[in-house]
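What follows is the residue order along each chain.
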Amino acid sequence: MPYETITTQTDGAVTTITLNRPQALNALSSVVLDELIEAFAAYQNDDSQLCAILTGSGDKAFAAGADIKEMSEKEAADFYLQDFFAKWTSHIVEAVRKPWIAAVNGFALGGGCELAMMADFIIASDRAKFGQPEIKLGVAPGMGGSQRLTRAVGKAKAMEMCLTGRMMDAEEAERSGLVARVVPHDTLMDEARTTAATIAGMPPMAAMVNKEMVNAAYETFLGQGVIHERRLFQILTASEDKAEGMKAFIEKRDGQWKGR
Ligand code: CAA
């Protein structure tokens with residue numbers, strides 16, 4: 001279906017969603033959010049699609065933040081009454097149970113950094129830059145950035161970045177644990193597609209369960225997380241793919257996945 005601010009493309013079992021407002025450095029307006037919600041729901045509901053990539057169009061930005069021009073028109077009551085930013089969590093994080101990767105091709109600032117951190121992991125171009133510069137606008141992160149950045153890079157760096165608005169380059173982001181891997185700019189999409197295809201080749205239910213487990217580590221205390229992991233592991237052992245995966249290993253062949 002045609003979108004105004006994003007594009008989507010499928011290649012085998014991999015969906016690529018591209019933020020497509022390069023003239024505004026892919027700033028995240030309400031229209032972008034609505035379209036992303038639709039695109040992610042289509043990915044989640046299409047059984048043939050097993051991994052997604054989110055990236056930005058143009059050479060300069062993944063996304064330079066929530067749309068400042070749109071926000072400048074709103075009053076505090078609008079933000080509160082509309083529960084502004086709530087849908088990012090419910091529709092982009094919680095509703096998408098299948099894996100997705102952020103391929104960060106340039107600036108990931110404010111809401112752009114927060115959106116990238118909502119992905120299961122980030123692959124970054126060596127030109128990527130990450131930051132939470134909201135303080136310079138008289139505000140603060142509003143889509144989970146202060147929480148996810150702190151968990152990813154620790155208090156010292158998160159605090160420094162939020163208080164000064166300093167950007168982190170790709171090399172520092174990898175060293176700090178914010179991104180899984182940095183690749184040369186021109187190879188970013190090839191690397192992301194190869195990684196996504198690898199994930200799409202895994203037993204699909206096991207991929208979802210692995211995602212749920214790692215996310216639990218983010219959101220729970222250790223003891224609770226370990227129990228959650230054990231229960232999910234025990235449930236997975238009842239799957240047809242577990243029986244097939246272990247049999248295939250013993251018979252020295254590739255597994256044939258049923259996704260259940
Ligand atoms: N919202 C709306 N428009 C934006 C934008 C944003 N977040 N970021 C850039 N743009 C627009 C610019 O206004 C400009 O449009 P015009 O050509 O119509 O003037 C166009 O994109 C190109 O931007 P620049 O001319 O500024 O490009 P630059 O190369 O000189 O600078 C930049 C690049 C350093 C990323 C700079 O654009 C910038 O600082 N952008 C804002 C970054 C920011 O503050 N993000 C946080 C937003 S608040 C937020 O996200 C809240 C939250 O927590 C959820």
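Note that this is a predicted model, so its numbers are computed, not measured.

Around the ligand, 25 residues are found, and the nearest of them are Lys60, Ala66, Gly111, Glu114 and Glu134. No other element matches helix α2 (residues 68–72), which puts 3 residues into the shell around the ligand. Residues belonging to the shell around the ligand are distributed by class as follows: 15 nonpolar, 5 polar and 5 charged.

Spatial strand order, β4-β6-β8-β9: 4 strands in an open sheet with mixed pairing. Of all strands in the sheet, those with a lone pairing partner are β4 (61–63) and β9 (168–169), marking the two edges. Judged from the 2 bridges that link them, strand β8 (residues 129–131) and β9 form a sheet pairing that is antiparallel. Bridge pairing in β9 places lysine 129 opposite aspartate 169.

Within the secondary structure, glutamine 44 sits in helix α1 (residues 30–45). Here arginine 97 takes part through its backbone nitrogen, which lies 2.8 Å from a polar atom of the side chain of glutamine 44. Those residues in contact with glutamine 44, other than ones at most four positions away along the chain, are Ala95, Val96, Arg97 and Lys98.

Next up on the list: the sheet that holds strand β7 (residues 121–125). Strand order across the open sheet formed by 6 strands is β1-β2-β3-β5-β7-β10, with mixed pairing between neighbours. Both outer strands of the open sheet, β1 (6–11) and β10 (181–183), are each paired with one neighbouring strand and no more. Averaged over neighbouring strand pairs, the angle between their axes works out to 20° when direction is ignored.

With 56 residues, the main nonpolar core has Leu36, Ile92, Trp100, Leu115, Ile122, Phe130 and Leu178 as its most contacted residues. At 7 residues, α1 tops the list of elements feeding residues into this core. Ranked by size, the runner-up nonpolar core spans 5 residues in total, among them Ala206, Val209, Leu232 and Leu236.

Taken together, the side chains of Ile68, Leu137 and Val139 present a nonpolar region at the surface, about 270 Å² in accessible area. Within the secondary structure layout, leucine 137 lies in the loop between β8 and α6 (145–153).

Let us look at the confidence of the model for the chain. Confidence in the prediction for the chain averages 96 pLDDT; 100% of positions are at 70 or higher. The complex model carries a pTM of 0.95, and its ipTM stands at 0.98.

On to helix α9 (residues 188–200), then. Taking 1.5 Å of rise per residue, 13 residues should cover 18 Å, and α9 covers 18 Å from first to last C-alpha, within 8% of that figure. Restricting attention to buried positions, one finds in α9 the residues Leu188, Met189, Ala192, Thr195, Ala196, Ile199 and Ala200. Along α9, the residues classed as buried sweep out an arc of 140° about the axis, all on the same side. Looking at the buried side of α9, the elements it contacts are β2 (14–19), β3 (51–56), β5 (100–104), β7 and β10.

Let us look at helix α7 (residues 155–164). Within the sequence span of α7, burial applies to Ala158, Met161 and Cys162. Buried residues along α7 cover an arc of 95° about the axis, so they all sit on one side. Summarising the geometry of α7, the exposed residues directed more than 90 degrees from the buried face are Ala156 and Leu163. Looking at the buried positions of α7, the neighbouring elements they touch are β8, α6 and β9. Count one or two residues on from α7 and you reach glycine 165, which has phi positive near 75°.

Okay, unusual backbone geometry next. Positive phi outside glycine occurs at asparagine 26, with the angle close to 60°. Tracing the backbone through its elements, the reader meets asparagine 26 in the loop between β2 and α1. Positive phi, normally seen in glycine, also occurs at aspartate 83, with a value near 45°. In this fold, aspartate 83 is placed in the loop between α3 (76–81) and α4 (86–94).

Once that is clear, we can look at the state of the cysteines. Taken as a whole and assessed by the stated rule, the structure comprises 0 disulfides. Cysteine cysteine 113 remains unbridged, with the sulfur of cysteine 162 as its closest cysteine sulfur at 8.8 Å. Relative accessible area serves as the criterion here: at 1%, cysteine 113 is assigned to the buried category.

A word on the environment of lysine 211. Among the secondary structure elements, lysine 211 is positioned in helix α10 (residues 204–219). Among residues more than four places away in sequence, those in contact with lysine 211 are Val96, Arg97, Lys98, Pro99, Trp100 and Asp120. Within the structure, the side chain of lysine 211 is placed 3.0 Å from the backbone oxygen of lysine 98, a separation counted as a polar contact.

The rules behind these values
- Residues numbered from 1 in each chain as written.
- Predicted model: local features only at pLDDT ≥ 70, side-chain atom pairs only at ≥ 80, totals over all residues.
- Heavy atoms only, no water.
- Near = heavy atom within 4 Å.
- Helix = DSSP H or I, 4+ residues; strand = E, 2+ residues; numbered from the N terminus.
- Nonpolar A, V, L, I, M, F, W, Y, C, P; charged D, E, K, R; others polar.
- Pairing = 2+ DSSP bridges.
- Polar contact = N/O pair within 3.5 Å; in protein donor to acceptor, adjacent residues only side chain to side chain.
- Contact = heavy atoms within 4.5 Å.
- Axes fitted to C-alpha atoms, helices over the stretch in contact; angles between N-to-C directions.
- Core = buried A, V, L, I, M, F, W, Y, C linked by side-chain atoms within 4.5 Å.
- Buried < 20%, exposed > 50% of the residue type's maximum accessible area, 1.4 Å probe, protein only.
- Patch = residues over 30% accessible without salt bridge, like charges linked within 9 Å, V, L, I, M, F, W, Y side chains within 5 Å.
- Areas by Shrake-Rupley, 256 points an atom, 1.4 Å probe, with all protein chains shown as cover.
- Salt bridge = Lys/Arg side-chain N within 4 Å of Asp/Glu carboxyl O.
- pLDDT = per-residue confidence, 0-100.
- Expected span 1.5 Å × (residues − 1).
- Arc of directions from axis to C-beta.
- Disulfide = S-S within 2.5 Å.

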